[in-house]
Amino acid sequence: MSTPTRALLMAAIMLGSTLFLIAPQAEAQTAVVAYSISFSAANIQVDVRPGASGVACLELLISNEGTANIDVDISMSGGGVTISPGAVSVTLSAGASITVPVCAVAATRSNYKIVQVTALASGRESNTQQGQVNKNGGFTVIIEQFAQLSIRADQPYSEFCRDSILNTSFTVINNGNWVDTILLEVLNQKDLENAGFTV
């Protein structure tokens, strides 16, 4: 083999070896973005009775598990309830973590329901904004059921003669936030019967 051919072959081998060594280093540099998101509870319950706050909270934990400083943006949403804050943006150094309070807010007398809240996260290396890694998580919000009713007689006061029949009616209003079974009872029925009335 001639000397020029041998030199060209050596150059090709060296160039190939150089490319082989550089490629894994580039992959290692993009792998430093590693983080996790989690919530302190799987579900929270919101009390929406009159006079209640209509607010329930938990904590969002964001942990940088990689070796680079990272920026993490998280958006949260759940149909039927307001999530506050709805979005969170943090910058974390390597190995750092942060907890963020997150609350679900529902209006007083909101209907009973179960809502799934979804959190979508996007993390990137802070300096280059490269190596994006997406994560997701979530929790469940339960709008608590409560029962409340009001009742009124359509004729609050009536007079009638002995041996006559009085038909009266009552209006019952369900002031709760779900479908309820209501039992009506005449509390003084025994006293009425002892006085000669038939109820």
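Data block above holds the structure.
Residues numbered from 1 in each chain as written. Predicted model: local features only at pLDDT ≥ 70, side-chain atom pairs only at ≥ 80, totals over all residues. Heavy atoms only, no water.

(A) Spotlight on the sheet that holds strand β8 (residues 113–125). If you trace the five strands from one edge of the open sheet to the other, you get β2-β9-β8-β4-β6, paired in mixed fashion. Of all the strands in the sheet, just β2 (43–46) and β6 (87–92) have a single pairing partner and so form its edges. If you compare each strand with its neighbour and ignore which way they point, the axes differ by 25° on average. Note that β2 and strand β9 (residues 133–143) share four bridges and pair parallel. Residue pairing across strands places V46 opposite I143, the latter belonging to β9. (Pairing = 2+ DSSP bridges. Helix = DSSP H or I, 4+ residues; strand = E, 2+ residues; numbered from the N terminus. Axes fitted to C-alpha atoms, helices over the stretch in contact; angles between N-to-C directions.)

(B) A look at the nonpolar core. L60, I62, I74, M76, F139 and V141 are the most contacted members of the largest nonpolar core, which has 32 residues in total. Among the elements of the structure, β1 (35–39), β2, β3 (55–64), β4 (70–77), β6, β7 (97–105), β8 and β9 are those that each provide at least two residues to this core. Excluding its chain neighbours within four sequence positions, the residues that come into contact with I74 are I37, L60, I62, G86, A87, V88, A119, L120 and A121. (Core = buried A, V, L, I, M, F, W, Y, C linked by side-chain atoms within 4.5 Å. Buried < 20%, exposed > 50% of the residue type's maximum accessible area, 1.4 Å probe, protein only. Contact = heavy atoms within 4.5 Å.)

(C) Representation of the pattern of salt bridges in the model. A full pass over the atoms with the stated rule returns two salt bridges. Measuring nitrogen to oxygen at the nearest pair gives 2.7 Å for the salt bridge that ties R49 to D47. (Salt bridge = Lys/Arg side-chain N within 4 Å of Asp/Glu carboxyl O.)

No statement about biological role is implied by the geometric values presented.
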